[in-house]
Every structure is written in structure tokens, then in C-alpha cells.
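# A closer look at the structure
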Amino acid sequence: QVQLVESGGGLVQPGGSLRLSCVVSGSIFSINAMGWYRQAPGKQRELVAAITSGGSTNYADSVKGRFTISRDNAKNTVYLQMNSLKPEDTAVYYCNAVLRTSLGSRPNTYWGQGTQVTVSS
């Protein structure tokens, strides 16, 4: 069984910063890509940022230069540092991991339960 647990969400004023964390635990053989998605009310879930096991990163255009994704492979943890936050960043943020649970198993995608980020004055 695999669990992804996010933390670090909350209410912040425009221009402020937050750091999200996501710890992956359970039956893990290897973790490939990890990422953060978000879903605002009435909108589809969208990719915010992703990072491969080798450290290559990918960002949505809307967050480039403001958000930074990183991971600690020893701790099975992925982070999202969010700076210069805007009201349009308000959403539920979900952690995502593509991982194998055993040698020879096919990689599957797992999701966290989500953490609310609200940017408002």
C-alpha cells in the first residue's frame, strides 16, 4: 500500500510564499517522476510542476520563475516552493508520484489527498 501525504497549504496574502511538502510512504521499490497538480473551483486539474528521478524539471508557464520543485530521494519527499503568489494560484494542490512497488512491477501513478492554497488579502 502506498500513501502520499501533503502538507504546507494555507492562506497567504498576494506576494507571499508557501512551501508544500509531500511524503511518499509504503511499499516502494523506486520512484520515477514526482509532481504537483492543482485544481481550482470549476476548472480541470492542471500540471504545476514535475521532476524526474534524475532531477529534470518541468513547469507550467503560469508559474515559471515563481515556483520551484525539488525532491529528496532519501526521504521520498517532493517539495514545491511557491513565491510571489497571486490570487489565481488559489486551488487545491495535489501531489503525484509514478512509482514501482516491487522489482519488475509496472509503474503506477499515485495521488495525495490534496492541500488547499488560498491567496487573498
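Shown above is the structure to which this text applies.
Overview of the structure. (Residues numbered from 1 in each chain as written. Predicted model: local features only at pLDDT ≥ 70, side-chain atom pairs only at ≥ 80, totals over all residues. Heavy atoms only, no water.)

## Notes on the environment of Ala 33
Selection rule: A run of H or I in DSSP counts as a helix once it spans at least four residues, and a run of E counts as a strand once it spans at least two, with each numbered from the N terminus. Exposure categories follow from relative accessible area, calculated using a 1.4 Å probe and restricted to protein chains: below 20% of the type maximum is buried, above 50% is exposed, and the middle band is partly exposed. A contact between two residues is defined here by any heavy atoms of the two lying within 4.5 Å.
Here Ala 33 is to be found in strand β4 (residues 30–39). Note on Ala 33: relative accessible area 27%, which makes it partly exposed. On a C-alpha basis, the gap between Ala 33 and Leu 99 in space is 7.5 Å, while along the polypeptide they are 66 residues apart. If we ignore the near neighbours within four places in the chain, the residues touching Ala 33 are Ile 51, Thr 52, Arg 71, Asn 96, Ala 97 and Val 98.

## Here's the deal with the nonpolar core
Most often, soluble globular proteins keep nonpolar side chains buried together rather than apart. Inclusion rule: Definition used in this section: a nonpolar core is a set of buried Ala, Val, Leu, Ile, Met, Phe, Trp, Tyr and Cys residues joined via side-chain atoms within 4.5 Å.
In this structure, Trp 36, Leu 80, Met 82 and Tyr 93 are the most contacted members of the largest nonpolar core, which totals 30 residues. Elements with a contribution of two residues or more to this core: β1 (2–7), β3 (18–26), β4, β5 (46–51), β7 (67–72), β8 (77–82), β9 (91–100) and β11 (115–119). A total of five residues in this core trace back to one element, the largest contributor, which is β9.

## Here we look at the packing of aromatic side chains
By convention here, two paired aromatic rings are described through the distance between centres and the angle between planes. For the record, the criterion: Between rings of Phe, Tyr and Trp, where Trp is taken as its six-membered ring, a pair exists when centres lie within 6.5 Å; planes separated by under 30 degrees are stacked, by over 60 edge-to-face, and by other angles tilted. Lysine NZ or arginine CZ positioned within 6 Å of the ring centre and within 35 degrees of the ring normal marks a charge as sitting over the ring.
This structure, assessed with the given rule, holds one aromatic pair. Over the ring of Tyr 79 we find Arg 19, and its NZ or CZ is 4.1 Å from the ring centre. Here the guanidinium or amino end of Arg 45 rests over the ring plane of Tyr 94, the centre of that ring lying 3.7 Å away.

## Focus on the side chain of Glu 6
Worth spelling out the cut-off: As used throughout, the charge tally considers Lys and Arg to be positive and Asp and Glu to be negative, leaving His and the chain termini uncounted. The term salt bridge refers to a side-chain nitrogen of Lys or Arg lying within 4 Å of a carboxyl oxygen of Asp or Glu. Whenever a nitrogen or oxygen atom comes within 3.5 Å of another N or O atom, the pair is scored as a polar contact, on the condition that within protein one atom can donate a hydrogen and the other can accept it, and that pairs from neighbouring residues in sequence are kept only if both atoms are in side chains.
By the element assignment, Glu 6 lies in strand β1. Of the side chains bearing the opposite charge, Arg 45 lies closest to the buried Glu 6, which forms no salt bridge; the N-O distance is 7.7 Å. Among the polar contacts listed, one links the side chain of Glu 6 to the backbone nitrogen of Cys 95, at a separation of 2.7 Å. From its side chain, Glu 6 meets the backbone nitrogen of Gly 114 in a polar contact 2.8 Å long. Among all residues touching Glu 6, those that are not within four sequence positions of it are Ser 21, Cys 22, Trp 36, Tyr 93, Tyr 94, Cys 95, Gly 112, Gln 113, Gly 114 and Thr 115.

## With respect to the pattern of salt bridges
Considering all chains together, one arrives at four salt bridges under this definition. Where salt bridges share partners, they join Arg 38, Glu 46, Arg 66 and Asp 89 into one cluster.

## As for the environment of Ser 17
Position of Ser 17 among the secondary structure elements: in the loop between β2 (10–12) and β3. Between the C-alpha atoms of Ser 17 and Gln 81, which are 64 residues apart in sequence, the distance is 7.5 Å. Residue contacts for Ser 17: discarding those within four places in its chain leaves Val 12, Gln 81, Met 82, Asn 83, Ser 84 and Leu 85. Within polar-contact distance, the side chain of Ser 17 engages the side chain of Asn 83 at 2.9 Å.

## Digging into the pairing of β9
This is how it is decided: Being paired, for any two strands, means DSSP has found at least two bridges between them.
With respect to burial, β9 is a largely interior element, seven of its ten residues being buried. As paired elements, β4 and β9 share eight bridges and run antiparallel to each other. Its bridge partner being in β9, Ser 30 is matched across the sheet by Arg 100. Where β9 lies against β11, three bridges are found, and the strand directions are antiparallel.

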